[in-house]
Amino acid sequence: QRPESKGGALAAGGKEQGDDAVVAAMLERAGQTHLLEGLNPEQCKRLLAQAKWLDTSYSSGLEAYIGNARKLLKASKLDENPLEGLTPSVPTGERLNYGDAQFQSFEDRGLREAPFSAFVLVAGGLGERLGFPGIKLKIAATSVTGWSFLEYYCRGILALRQQHVEGAPSGPIPLVIMTSDDTHEQTVALLEESDFFGLSREQVHVLKQEKVACLSDSDARLARDPKDPAKIETKPHGHGDVHALLHTSGLARRFQSEGRRWIVFFQDTNGLFFRAFLATLGVSAVKGFAMNSVAVPRKAKDAMGGIAKLTRTDGSSITMNVEYNQLDPLLRATSCPDGDVADHTGFSPFPGNMNSLVLRMSDYMATLERTRGIIAEFVNPKYADSSRNKFKSSTRLECMMQEIPQELPPEAKVGFTMFDTWCSYSPVKNSPAGAVEKFKTGNHPQSGTTGETDLFAANCRILRLAGATIDPPVKRTFNGIDVDLEARVVWSPQWAVSFAGVRARLAPDAKVQITQRSTLVLDGDIILEELTLDGTLIICAAPGSRVTIKLLVVKNEGWELDPASKDDPDPEVHIKGFSIRRPAGATCQLVFEELGEHVVSPAPQRPGMAKHGVTFNEKEPQRERSETEESLAFYRVRSMKSSFGRETEAPLEEFARDFPASGRGPSVARSPLATRARLPRICASGA
């Protein structure tokens with residue numbers, strides 16, 4: 001139920017007067033005089049000041065909030081079904097297989113549409129429930145490089161704007177981050193200290209959502225804070241607030257005036273988001289979807305919302321998310337007596353909603369103008385007894401951003417694009433203990449462990465689709481969760497942001513061979529022609545540098561994933577269940593700083609010289625270089641002690657001493673991956 005948008009009582013008159021009498025009168029009209037009982041004058045003043053703030057911060061005012069709460073709590077007490085009269089069926093959408101011709105066609109269209117988009121990151125959560133002392137955006141998407149989720153997302157948006165598309169808006173692609181009281185200051189601080197991860201300050205907009213008043217009983221009496229009787233208890237309103245914030249801030253209208261055709265909403269800890277997003281955007285453009293949800297196959301009765309077409313008794317319909325605890329009883333009461341059960345595929349026929357949305361800007365703006373961004377609210381009280389009057393603990397009204405279809409025009413076309421989970425969805429949502437419980441019941445753990453190991457698996461699978469040869473995974477167990485551990489392959493969006501980009505980075509007839517124990521990091525404009533890797537290799541190309549690996553063989557001790565030690569002070573180690581051991585001399589790192597073309601290629605052959613390629617082998621003896629080799633672009637990478645991971649301006653000092661930077665090869669670097677500012681986040685422990 002969506003409250004009317006008429007503004008609060010204080011917005012019209014009391015907002016200007018701001019005196020305590022006006023606020024007290026508003027509370028009396030709303031039946032909330034109990035809040036002032038037993039308070040001294042100073043306490044009354046504090047509570048009334050907070051009540052005024054709650055009235056002005058809620059779009060339609062505190063009285064409207066309380067009125068809507070009474071209606072929803074009455075319906076809840078009577079156990080009324082909010083979906084009464086609706087019959088669910090499987091909606092219209094696209095099911096794509098990553099990498100096939102249809103996928104590539106949609107992804108190509110998405111690449112052309114991306115510069116016309118704006119991105120909205122919903123990031124109101126702390127990592128405390130996961131065991132992380134900070135915002136979830138600061139958790140590393142991968143421990144191999146140390147890129148936080150926020151950095152990873154910023155790099156992706158930066159890479160999308162580097163695609164040249166005729167007629168695209170001239171400015172950078174905007175990123176909006178919605179924060180909460182809990183996360184706002186830390187999010188801003190992370191952006192500031194990291195220089196916005198390469199984005200311009202002007203393209204990043206941080207909007208903070210406010211909390212709403214809590215309710216103590218079915219009469220919608222506001223709850224006092226248990227720790228302070230002169231304060232009203234508050235809780236988050238839900239990520240549905242993002243729509244109102246985009247409206248009241250004027251950002252949505254600004255984006256439309258800039259020529260943005262799409263607005264993309266995504267969550268804070270899904271490292272696979274960019275793998276599927278572009279094809280979804282392409283589907284929206286081709287199919288004319290006003291709203292398109294990124295979806296995955298859903299196990300029946302899993303605690304994940306399902307996307308359904310809901311048909312009313314008059315024949316009209318709406319396609320929207322139905323929460324898992326509502327879907328089963330709705331199916332039983334209407335079209336499926338067995339409820340939420342699997343079909344012949346082994347999954348529910350209703351696609352799983354992963355809360356990544358693509359909306360067409362024209363339809364979205366029309367909806368914001370009509371509703372002021374206020375969408376349907378719901379209440380979910382936990383009753384203390386069968387009378388259904390008192391609650392076990394206070395509750396509040398909530399709203400979810402995926403409920404926006406209820407506000408779209410009836411003619412708006414709403415659909416979904418479904419991908420296999422391996423290439424699209426592995427969020428970090430559950431604590432290690434909670435993840436183990438989900439694993440034991442056969443569900444995806446959705447934890448720090450799987451968030452990273454699934455990224456390795458997806459990258460290896462994508463490289464195989466592009467033509468690389470990578471050894472099969474091995475079974476490992478971290479935090480009590482069994483995983484198929486693939487080679488630790490990680491690339492930045494500056495190397496590739498799409499499957500088309502990956503295919504372009506592997507030359508025609510490329511020969512890329514990687515063992516399972518290997519770690520490979522690719523960052524920047526790097527072309528692979530022939531690479532054999534058994535160990536750890538890091539290649540970084542600074543902006544303006546282009547590197548071609550014509551022939552390179554690397555064999556070293558490499559890095560190893562060790563199960564987490566109870567004594568490890570790093571909370572991320574405990575979230576993920578492993579740490580990365582980086583022995584000294586176990587890393588081959590090539591960093592290219594100089595602008596222009598760089599080639600890693602075989603040595604020129606002299607009569608009587610054995611034919612060989614560029615080889616890194618810690619056990620192979622070194623040989624003397626000829627004058628010809630000195631003057632040409634030849635690099636024989638030998639064993640070195642890498643300082644990758646420590647603050648230094650010479651991560652290749654030993655290499656650079658023997659092979660002076662000449663503009664043709666690796667040099668001491670300030671690349672996107674290995675800048676002085678970012679090195680400490682790349683490797684937590686020095687190699």
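Above this text sits the structure in question.
Not measured: the values here are computed from a predicted model.

Draft legend 1. Molecular detail of the nonpolar core. F119, L463 and W495 are the most contacted members of the largest nonpolar core, which totals 112 residues. Ranked by residue count, the leading element in this core is helix α10 (residues 273-287), at nine residues. In this structure W495 touches L463, V502, R505, L506, L522, G524, I526 and L528, once residues within four positions along its chain are discounted. Counting residues in hydrophobic clusters, the runner-up holds 29 residues, among them V176, M178, V242 and V414.

Draft legend 2. Structural view of the side chain of D225. Of note, D225 is situated in strand β8 (residues 224-225). The buried charged residue D225 lacks any salt bridge, with K231 as its nearest oppositely charged partner at 4.3 Å. A distance of 2.9 Å separates the side chain of D225 from the backbone nitrogen of K227, its partner in a polar contact. In this view, D225 contacts K231, I232 and E233; residues no more than four positions away in its chain are not counted.

Draft legend 3. Structural context of the sheet that holds strand β32 (residues 588-592). Ordered in space as β23-β25-β27-β32, the four strands form an open sheet in which the pairing is parallel. One side of each edge strand has no neighbouring strand; the edge strands of this open sheet are β23 (488-491) and β32. Across the sheet, the mean angle separating the axes of adjacent strands is 5° when strand polarity is ignored. Two strands pair when backbone bridges link them, and strand β27 (residues 536-541) and β32 are joined in this way by five bridges, in the parallel orientation. Note that in β32 the partner of I539 across the bridge is L590.

Draft legend 4. Representation of the pairing of strand β25 (residues 519-523) within the structure. Of all five residues making up β25, five are buried, and the element is well covered by its neighbours. In β25, alternate side chains face the same way, and those of T519, V521 and D523 on one face and L520 and L522 on the other are all buried. Summarising the sheet, β25 and β27 pair through five bridges and their orientation is parallel. Bridging across to β27, L522 finds its partner in I539.

Draft legend 5. The arrangement of the packing of helix α5 (residues 101-113) against α10 in detail. Across the interface, α5 lies against α10 with an axial gap of 6 Å and an inter-helix angle of 85°. Classified by the angle their axes make, α5 and α10 are roughly perpendicular. Every residue of α10 that contacts α5 at F103, F106, E107, R109, G110, L111 and E113 is listed here: R275, L278, A279, L281, G282, V283, A285, V286 and K287. Broken down by class, the residue content of the contact of α5 with α10 amounts to nine nonpolar, two polar and five charged.

Draft legend 6. Just the side chain of K136, in detail. Mapped onto the secondary structure, K136 falls in the loop between β3 (117-122) and α6 (149-161). Apart from the residues lying within four places of it in its own chain, the contact partners of K136 are G125, L126, G127, L130, F149, D268, T269 and V428.

Draft legend 7. A look at the packing of aromatic side chains. Per the stated rule, a full pass over the model turns up 19 aromatic pairs. Note on F103 and F419: the rings are 6.3 Å apart at their centroids and 85° apart in plane angle, and the pair reads as edge-to-face. Of this pair, F103 sits in helix α5 while F419 sits in the loop between β19 (414-418) and α13 (432-440), placing them 316 residues apart in sequence. When its relative accessible area of 1% is taken as the criterion, F419 is described as buried. Counting every residue linked through ring pairs, the aromatic cluster contains F119, F149, Y153, F266, F273, F274 and F277. In this arrangement the basic side chain of R261 is found over the ring face of F116, its NZ or CZ atom lying 3.6 Å from the centre. The side chain of R582 reaches across the aromatic face of W559, ending 4.6 Å from its centre.

Criteria and cut-off values
Residues numbered from 1 in each chain as written. Predicted model: local features only at pLDDT ≥ 70, side-chain atom pairs only at ≥ 80, totals over all residues. Heavy atoms only, no water. Core = buried A, V, L, I, M, F, W, Y, C linked by side-chain atoms within 4.5 Å. Buried < 20%, exposed > 50% of the residue type's maximum accessible area, 1.4 Å probe, protein only. Helix = DSSP H or I, 4+ residues; strand = E, 2+ residues; numbered from the N terminus. Contact = heavy atoms within 4.5 Å. Lys, Arg positive; Asp, Glu negative; His and termini not counted. Salt bridge = Lys/Arg side-chain N within 4 Å of Asp/Glu carboxyl O. Polar contact = N/O pair within 3.5 Å; in protein donor to acceptor, adjacent residues only side chain to side chain. Pairing = 2+ DSSP bridges. Axes fitted to C-alpha atoms, helices over the stretch in contact; angles between N-to-C directions. Parallel < 35°, antiparallel > 145°, perpendicular 65-115°, else oblique. Nonpolar A, V, L, I, M, F, W, Y, C, P; charged D, E, K, R; others polar. Phe/Tyr/Trp six-rings, centres within 6.5 Å; stacked < 30°, edge-to-face > 60°. Lys NZ or Arg CZ within 6 Å of the ring centre and 35° of its normal.

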